[in-house]
Amino acid sequence: MLDIKYILANQAEYAEVLKNRHFDFDLNVIAELDSRRRKIIGETETLKAMRNRKSKSADATEEFDPKAAKARIKELDSELAEVEKELHDYMMTLPNKLSSTTPIGNDENDNPVVRTWGTPREFTFEPKAHWDIAEPLGIMDFEKGVMLAQSRFTVLKGMGARMERALVNFMLDMHTKKHGYLEVEPPFMVRSAILEGTGQLPKFAEDLYRLQNDDLWLIPTAEVPLTNLNRESILEEKDLPLYYTAYTPCFRREAGSAGRDVRGLMRQHQFDKVEMVKICTPETSYDELEKLTNNAAEVLETLGLPYRVVNLCSGDIGFGSAKTYDLEVWLPSQNKYREISSCSNCEDFQARRMSLRYRPADGGRPVFAHTLNGSGIAVGRTLIAIIENYQNEDGSVNVPEALVPYMDGITRITR
RNA sequence: GGAGACGUGGCCGAGUGGUCGAAGGCGGUUGACUCGAAAUCAACUGAGCAGCUUGCUGUUCCUAGAGUUCAAAUCUCUACGUCUCCGCCA
């Protein structure tokens with residue numbers, strides 16, 4: 001959520017942000033509701049001040065009808081509640097501002113490439129798609145996934161399941177031991193308010209799985225519980241930045257992506273991800289974003305997977321993010337780079353929604369923290385990248401050297 | 001799921017209708033003492049909103065919501081949560 005004072009004071013500027021995000025909304029609606037709100041507050045506070053004076057001292061001489069005042073206050077209070085709810089509901093649907101370093105553009109084709117790492121391997125044979133490698137190896141079973149659940153679910157077996165687990169441990173070890181993140185195991189289900197805090201609700205309910213009987217939702221990413229860990233609190237500046245990492249499954253309904261990536265493990269309703277979250281001061285958040293992105297990139301580099309970094313443009317960037325770097329890994333079968341991590345600085349957008357503040361070291365008023373999140377990285381897609389990039393002509397798959405210790409010394413997956 | 005107890009500031013804890021944004025303690029900040037630290041002493045130390053002379057005034061907040069009352073942290077109801085005992089259970 002944005003500061004309403006910012007919107008009112010910079011209406012033209014923010015209208016431009018909305019335009020660049022392809023977001024259609026008339027900000028005069030906000031201005032009008034806010035002036036109604038102020039008017040009601042003015043009247044009600046005058047009445048309350050009179051009432052308080054009257055009830056505090058018996059000798060108050062001013063003319064005051066407590067009965068009439070009470071009725072009017074009640075009326076105004078409920079009007080105010082209505083206006084504030086309406087205003088809040090609008091505010092919760094407005095997207096974040098953009099960083100000055102976020103490029104203006106229409107869609108993913110306008111995302112500039114920041115850098116590229118590694119050289120895609122030259123194949124002496126036609127590289128296969130991961131499903132054509134994994135199924136014969138018996139390490140992925142797509143039909144069983146559909147049988148047990150529905151499409152976009154997959155069963156990993158044998159060395160497939162083993163490598164998935166190895167990747168989780170490998171990533172968590174790197175982030176905790178080398179990059180200084182605190183490992184967390186959060187709930188995989190959360191309340192509505194938690195999803196409002198990070199911005200998935202109220203706008204994107206159709207992307208989420210909901211447990212109707214208990215009013216809980218399955219998390220679409222560990223960003224949700226991790227970022228909310230310190231909600232509604234005032235941290236001390238000396239305790240910042242906070243670094244959290246967690247492995248969790250992620251659950252997404254993938255509404256609106258019918259027909260995209262229908263084969264294989266690329267787009268699943270349930271997938272594993274190691275996530276990184278940072279809570280820091282406004283002064284440091286853009287440095288922290290660079291570091292966070294590098295932390296994710298190091299996973300790919302250590303596994304020897306070629307990738308590139310793109311800077312998401314205004315038309316492609318997420319609702320709550322001011323700046324996002326996507327890491328895209330090379331997939332030989334598709335002959336292109338595909339998203340495997342997304343690292344965002346949400347500035348104070350989420351912090352406002354969840355009332356996450358810190359007290360500056362100089363003792364001033366509490367200020368909203370900045371929050372960042374990034375995949376560190378998507379485990380299923382990493383499995384795809386390894387299978388495709390490390391495939392051999394005979395249908396076997398080599399295990400990346402860095403992963404061998406996590407696989408009991410196994411260096412190659414064969415039939 | 002059944003029975004009981006309880007939810008007060010960063011934490012602990014007093015407060016059972018107005019004098020309470022809330023005693024006291026811990027913690028924190030600053031100052032004094034000290035070569036320095038500790039100890040000791042002193043002062044300060046919650047948040048939101050509105051207004052304007054930007055430092056003050058007003059207002060709201062004692063889990064949340066509703067109610068009683070001229071007046072609610074305090075009384076009533078509901079919800080949620082925590083704890084204890086019992087049941088069930090990985």
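This structure is a prediction, so every number in the text was calculated from the model and none was measured. Per chain, residues are indexed from 1 in the order of the written sequence. Lettering of chains starts at A and numbering of ligands starts at 1, both following the order in which they are written. This being a predicted model, a pLDDT of at least 70 is required before a residue's local features are given, and a value of 80 or more before pairs of side-chain atoms are given or counted; all residues contribute to the totals for chains, interfaces and linings. Each side-chain value is worked out from all heavy atoms of the structure, with water and hydrogens disregarded.

(A) The arrangement of the nonpolar core in detail. Of all hydrophobic cores here, the largest spans 54 residues; its most connected members are Met163, Leu167 and Leu403. With 8 residues, helix 7 (residues 159-178) is the largest single contributor of residues to this core. Whether two residues are in contact is decided by their heavy atoms: any pair within 4.5 Å suffices. Each residue touching Leu167, except ones within four places of it in the same chain, is listed here: Leu303, Val379, Thr382, Leu383, Ile386 and Leu403. Leu2, Ile7, Leu47 and Val310 belong to the second largest nonpolar core, which has 29 residues in total. To form a nonpolar core, buried Ala, Val, Leu, Ile, Met, Phe, Trp, Tyr and Cys residues must be joined to one another through side-chain atoms within 4.5 Å. Relative accessible area decides the class of each residue, using a 1.4 Å probe on protein chains only: under 20% of the type maximum gives buried, over 50% gives exposed, and in between gives partly exposed. Runs of H or I in DSSP of at least four residues are treated as helices and runs of E of at least two as strands, each being numbered from the N terminus.

(B) Inspection of the packing of helix 5 (residues 130-137) against helix 12 (residues 379-389) at higher detail. Helix axes are fitted to C-alpha atoms over the stretch in contact, other axes to C-alpha atoms as well, and angles between N-to-C directions run from 0 to 180 degrees. Contact pair helix 5 / helix 12: the axes reach a minimum separation of 9 Å and the direction vectors enclose 90°. As far as their axial angle goes, helix 12 and helix 5 are roughly perpendicular. For the pair helix 5 and helix 12, contact is made by His130, Ile133 and Ala134 and by Ile384, Ile387 and Glu388, respectively. Residues are grouped as follows: Ala, Val, Leu, Ile, Met, Phe, Trp, Tyr, Cys and Pro are nonpolar; Asp, Glu, Lys and Arg are charged; every other residue, Gly included, is polar. A breakdown of the residues in the contact of helix 5 with helix 12 according to their chemical character gives 4 nonpolar, 1 polar and 1 charged. Roughly parallel here means an angle under 35 degrees, roughly antiparallel means over 145, roughly perpendicular means 65 to 115, and every remaining angle is called oblique.

(C) Summary view of the protein's contact with RNA strand B. Around RNA strand B, the surrounding shell holds 18 residues, and the nearest of these are Arg37, Arg38, Glu45, Arg357 and Arg365. Near, as used in this document, describes a residue that has one of its heavy atoms within 4 Å of the molecule or strand being considered. Counting only atoms of RNA strand B within 4 Å of the protein, the fraction found in sugar and phosphate groups is 82%. The definition of a polar contact used here is a pair of N or O atoms within 3.5 Å, where within protein one atom must be able to donate a hydrogen and the other to accept one, and adjacent residues in sequence count solely through side-chain atom pairs. Contact distances for RNA strand B include 3.0 Å between a phosphate oxygen and a side-chain N or O atom of Arg38. With respect to RNA strand B, the side chain of Arg359 contributes an N or O atom lying 3.0 Å from a phosphate oxygen. Of all the secondary-structure elements, those providing two or more residues to the surface near RNA strand B are helix 3 (28-56), helix 4 (66-93) and strand 14 (356-359). Broken down by element, the surface near RNA strand B gets its largest block of residues, 9 residues, from helix 3. Of the residues assigned to the surface near RNA strand B, the class counts are 4 nonpolar, 2 polar and 12 charged.

(D) Quick look at the sheet that holds strand 8 (residues 233-236). A pair of strands is treated as paired once DSSP finds two or more bridges between them. Within the open sheet, the 3 strands sit side by side as 8-14-15. Their pairing is mixed. Edge positions in the open sheet fall to strand 8 and strand 15 (367-368), since each of these has one partner strand only. One ladder, built from 2 bridges, connects strand 14 with strand 15; its direction is antiparallel. Paired with Tyr358 across the two strands is Val367, which belongs to strand 15.

(E) Structural detail: the packing of aromatic side chains. Only Phe, Tyr and Trp rings take part, Trp by its six-membered ring, and two of them pair if their centres are within 6.5 Å. Stacked means planes under 30 degrees apart, edge-to-face means over 60, and tilted covers everything else. One pass over the full model with this rule turns up 9 aromatic pairs. With 5.4 Å between their ring centres and 85° between their planes, Phe123 and Phe125 make a pair best called edge-to-face. For Phe125, a relative accessible area of 14% puts it in the buried group. Centre to centre, the rings of Tyr181 and Tyr243 are 4.8 Å apart; their planes meet at 35°, and the pair counts as tilted. Placement of the pair is Tyr181 in the loop between helix 7 and strand 4 (182-183) and Tyr243 in strand 9 (residues 242-251), with a sequence separation of 62 residues. The buried category is assigned to Tyr181, whose relative accessible area is 4%. Through a chain of ring-to-ring contacts, the aromatic side chains of Phe204, Phe319 and Phe349 assemble into a single cluster. Note on criteria: charge over ring means Lys NZ or Arg CZ within 6 Å of the ring centre, with the direction from the centre no more than 35 degrees off the ring normal. Seen from the ring of Tyr6, Lys97 lies directly overhead, with NZ or CZ sitting 4.0 Å from the centre.

(F) Examining the packing of helix 7 against helix 10 (residues 285-302) more closely. The interhelical angle for the contact between helix 7 and helix 10, taken along N-to-C directions, is 130°, at an axis separation of 11 Å. Classed by the angle they form, the pair helix 7 and helix 10 counts as oblique. Here helix 7 runs over helix 10; the crossing is right-handed. On the side of helix 7, the interface is formed by Phe170, Met171, Met174, His175 and Lys178, while helix 10 contributes Asn295, Glu298, Val299 and Thr302. Grouping the constituent residues of the contact of helix 7 with helix 10 by class yields 4 nonpolar, 3 polar and 2 charged. By the definition used in this description, the sense in which the near helix is turned from the far one sets the handedness, with an anticlockwise turn below a right angle giving left-handed and a clockwise turn giving right-handed.

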